[in-house]
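Read off the chains here:
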Amino acid sequence: MNQVALIWILAEKDLKVEYRSPQAFLNTVFFALLILVIFNFAFDPGSQATREATPGILWVALLFPGIIQLNRSFQAEREEGTLYGLILSPTDRGVLFLGKFIANWAFLVVVDFLVLGAFVIFYNFSFSVQMLWVAWIIILASVGFAAVGTVFAAMLSSIRTREVLLPILLFPIIIPIILAAVNGTQEILILEEAQFLDRWLQLLIAFDVIFVAAGFLLFDYVVAD
Amino acid sequence: MSDPSNSLVLLSRVTKIFGLVRAVLDVDLEVCRGDFLAIFGPNGAGKTTLLRMVSGLTQPTSGSIQFESNDDHSGRDRVGYVSHQSFLYNELTGLENLVFYGRLYGIGKARGRAEEMLVKMGLQDARYQRVGTYSRGMKQRLTLARALLHEPDLLLLDEPYTGLDQHGSRIFTEVLKGLKEEGRTVLLITHNLGAGLELCGQIVIQNKGELVFQASRGQVDASDFERLYFQVVEGGRR
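Since the model is a prediction, treat every value here as computed from it, not as a measurement.

(A) Local environment of the overall build of chain A. The helix and strand tally for chain A stands at nine helices and zero strands. Ordered by position from the N terminus, the helices and strands of chain A form the series α-α-α-α-α-α-α-α-α. By the compact-globule yardstick of 17 Å for 225 residues, chain A fits well, its C-alpha radius of gyration being 18 Å. Reported as C-alpha extents along the three principal axes, the dimensions of chain A are approximately 55 × 35 × 30 Å. Looking at the 225 residues of chain A, the share that counts as buried comes to 52%. Residue pairs in contact within chain A that sit at least 24 positions apart in sequence constitute 79% of those at least 6 positions apart. Carbon together with sulfur atoms contributes 68% to the accessible area of chain A, which is approximately 10,300 Å² in total. Averaging the coordinates of the 11 positive side-chain charges in chain A and doing the same for the 18 negative ones gives two points 10 Å apart.

Structure, rendered in structure tokens:
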């Protein structure tokens, strides 16, 4: 069986499991909505200062709840030892990573689009072409986030304090992604001229390529005894 | 057990150390094709660690594990492993679990093979049920089906009777007897001395990481085995 088909089989399995037991999905969505609501109450919705802070608020609501899913993706594999089942199979470990990463990425994108919809309503934006650009940034940023998150979640899955450790380890590594995503979103939503948008998008793509390649190459060591 | 042409796995001076704990110590063991070998021993004897090393899940600290003439222990697909955990997804049905693993192992007609194994394990009526709804006995039989799906050369069973009631144990023993009749090579770890003796052709006792007793089934008197077991475990080497 070719490697692309194997990647799809692994990702499809994860998505099917998540679809049939959607606790992580619901928790992630509610946590994200809660963040949007809290910021909505905390700041004056009509002020210019709040308007300028909205890109940051959006990315806090997108990134922090994503940790729930990343933790859950490997915790579930540990509960019945299914990670060992995967490791014992002759499937290349890099392929295992790609399957898991694609499932996590697809999950995050679906959640993020729902959150983006709520964000538009809560903060008085309109569903316009601008939002398609924000959606494009979300797609790109989620790739790097899911890639690094998948590696760290696998690494920490057997550790009792993984829920605490994952964000502590993950966020410093993805600072370039956060920087590019927030600034890119600010250019689209707040600034009148998008001078550097291309550069932020290029930065996101570069980090996506680096992180996915690193995950693919390192996963063998990550899951080794 | 000593015909070199029939040898499947050869363990030479295999040692595993976790920090200050010597889990497995200088183990020499040869498993030949068709052997049904039972490893007995108290908790903490290192049996599970030994099996994990044979499966490839854990690497030995020193020593070597060789499959047939291969120098390198890389034949992950040659081993089927039934551990304390099922390696099954509770949210998927029995059939979906087996088809998934079948595809991972590159089995051409994974669905057909999965259906075949479900029939063999008496689970055909439960194939569309989610595994989370299975009883412990059904789950254990499905676990065995998962381990046998790719026709492994060596089947590793780590305490397969754990959590099974008497009825479940009896059904499971019948399944294992069937495997023995098929001539499969099996390495079984169990605390169930009766079931282990009933099935095995070779007996090994492990204690404090070392193999302290090895004999063929014919050399051991079943009625006296419990006394022998405690004598060996409590009395040291034999």
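(B) Representation of the nonpolar core within the structure. Among the nonpolar cores identified, the biggest contains 158 residues, and Trp59 and Phe145 of chain A together with Leu11, Leu144, Ile205 and Phe225 of chain B are the most heavily contacted of them. Ranked by residue count, the leading element in this core is helix 6 (residues 129-156) of chain A, at 17 residues. The residues touching Trp59 of chain A, leaving out its near neighbours within four places in the chain, are Ile137, Ile138, Ala141, Ala181, Val182 and Thr185 of chain A.

(C) Summary view of the layout of surface pockets. All names here are of chain A. Space inside the second largest pocket adds up to approximately 290 Å³. Within the residue set of the lining of the second largest pocket, elements represented by two or more residues are helix 1 (3-20), helix 3 (48-79) and helix 5 (93-122). Of the residues forming the lining of the second largest pocket, the biggest block, six residues, is contributed by helix 3. Considering only residue class, the lining of the second largest pocket consists of seven nonpolar, six polar and eight charged.

(D) Spotlight on the packing of aromatic side chains. All names here are of chain A. One pass over the structure, following the stated rule, counts 17 aromatic pairs over all chains. Each ring, one from Phe39 and one from Phe43, has its centre 5.8 Å from the other, and the planes form 10 degrees; the classification is stacked. By relative accessible area, which is 36% here, Phe43 ends up partly exposed. Ring centres of Phe207 and Phe211 lie 5.6 Å apart, and the angle between their planes is 45 degrees; this geometry places the pair in the tilted category. Of this pair, Phe207 and Phe211 both sit in helix 9 (residues 197-223), four residues apart, roughly one helical turn. Taking relative accessible area as the criterion, Phe211 reaches 13% and is therefore assigned buried. Taken together, Phe74, Phe97, Phe101 and Phe219 form an aromatic cluster joined through their ring pairs.

(E) The arrangement of the interface of chain A and chain B in detail. The interface of chain A with chain B comprises 26 residues on the first partner and 26 residues on the second. Across the chain A to chain B interface the summed buried area is about 2,500 Å²; carbon plus sulfur atoms make up 59%. Taken together, chain A and chain B are joined by three salt bridges. Between Lys16 of chain A and Glu96 of chain B there is a salt bridge, and its shortest N-O distance comes to 3.6 Å. Across the chain A-chain B interface, the total number found is 10 residue pairs in polar contact (both at pLDDT 80 or more). Of all the elements in the fold, those that place two or more residues in the side of chain A that touches chain B are helix 1, helix 3 and helix 4 (82-88) of chain A. By residue number, the principal contributor to the side of chain A that touches chain B is helix 1 of chain A, which donates seven residues. Of the residues assigned to the side of chain A that touches chain B, the class counts are 10 nonpolar, six polar and 10 charged.

(F) How the structure looks around the side chain of Thr54 of chain A. Within the fold, Thr54 of chain A resides in helix 3. Leave out the neighbours within four places in its chain, and Thr54 of chain A touches Phe119, Tyr123, Phe125 and Ile190 of chain A.

(G) Highlighting the sheet that holds strand 1 (residues 7-18) of chain B. All names here are of chain B. Spatially, the three strands line up as an open sheet ordered 2-1-4, and their pairing is antiparallel. Across the chains shown, the open sheet's two edge strands, defined by having one partner strand only, are strand 2 (21-32) and strand 4 (62-67). Taken over all neighbouring pairs, the strand axes of this sheet differ in orientation by 15 degrees on average, direction set aside.

(H) Here's a closer look at a nonpolar patch on the surface. Residue and element names in this part refer to chain A. Among the surface-exposed residues, Phe31, Leu34, Ile38 and Phe64 lie close enough to one another that they form a single nonpolar patch of about 380 Å² accessible area. At three residues, the largest contribution of residues to the nonpolar patch is made by helix 2 (residues 23-42). Within the secondary structure, Ile38 is located in helix 2. The exposure class of Ile38 is exposed, given its relative accessible area of 51%.

(I) Quick look at the environment of Ala141 of chain A. All names here are of chain A. For Ala141, the location among the structural elements is in helix 6. Residue classification places Ala141 among the buried residues on the basis of a relative accessible area of 2%. In the structure, Ala141 is positioned 69 residues away from Arg72 in sequence and 20 Å away in space, judged by C-alpha atoms. Dropping the residues within four chain positions of it, Ala141 is found in contact with Trp59, Ile177, Ala181 and Leu204.

(J) Seen up close, the pattern of salt bridges. Residue and element names in this part refer to chain B. Overall, the coordinates contain 24 salt bridges over all chains when judged by the stated rule. As a salt-bridge pair, Arg78 and Glu68 come within 2.5 Å of each other at their nearest N and O atoms. A residue pair is termed long-range when its members are at least 10 positions apart, and Arg78 in the loop between strand 4 and strand 5 (79-82) and Glu68 in the loop between strand 4 and strand 5 qualify at 10 residues. Classification of Glu68 as partly exposed rests on a relative accessible area of 36%. Between Glu115 and Arg111 there is a salt bridge, and its shortest N-O distance comes to 3.5 Å. One end of the pair, Glu115, and the other, Arg111, are both in helix 3 (residues 110-120), four residues apart, so they sit about a helical turn from each other.

The rules behind each value
Residues numbered from 1 in each chain as written. Chains lettered and ligands numbered in written order. Predicted model: local features only at pLDDT ≥ 70, side-chain atom pairs only at ≥ 80, totals over all residues. Heavy atoms only, no water. Helix = DSSP H or I, 4+ residues; strand = E, 2+ residues; numbered from the N terminus. Rg over C-alpha atoms; globule rule 2.2 N^0.38 Å. Buried < 20%, exposed > 50% of the residue type's maximum accessible area, 1.4 Å probe, protein only. Contact = heavy atoms within 4.5 Å. Areas by Shrake-Rupley, 256 points an atom, 1.4 Å probe, with all protein chains shown as cover. Lys, Arg positive; Asp, Glu negative; His and termini not counted. Charge placed at Lys NZ, Arg CZ, Asp CG, Glu CD. Core = buried A, V, L, I, M, F, W, Y, C linked by side-chain atoms within 4.5 Å. 1 Å grid on protein atoms, 1.4 Å probe; cavity = no way out; pocket = protein on both sides within 12 Å on 5 of 7 lines; lining within 4 Å. Points joined across faces, edges and corners; volume = space filled by probe spheres on them. Nonpolar A, V, L, I, M, F, W, Y, C, P; charged D, E, K, R; others polar. Phe/Tyr/Trp six-rings, centres within 6.5 Å; stacked < 30°, edge-to-face > 60°. Buried area = accessible area lost by both parts, 1.4 Å probe. Salt bridge = Lys/Arg side-chain N within 4 Å of Asp/Glu carboxyl O. Polar contact = N/O pair within 3.5 Å; in protein donor to acceptor, adjacent residues only side chain to side chain. Pairing = 2+ DSSP bridges. Axes fitted to C-alpha atoms, helices over the stretch in contact; angles between N-to-C directions. Patch = residues over 30% accessible without salt bridge, like charges linked within 9 Å, V, L, I, M, F, W, Y side chains within 5 Å.

By themselves these figures say nothing about function.
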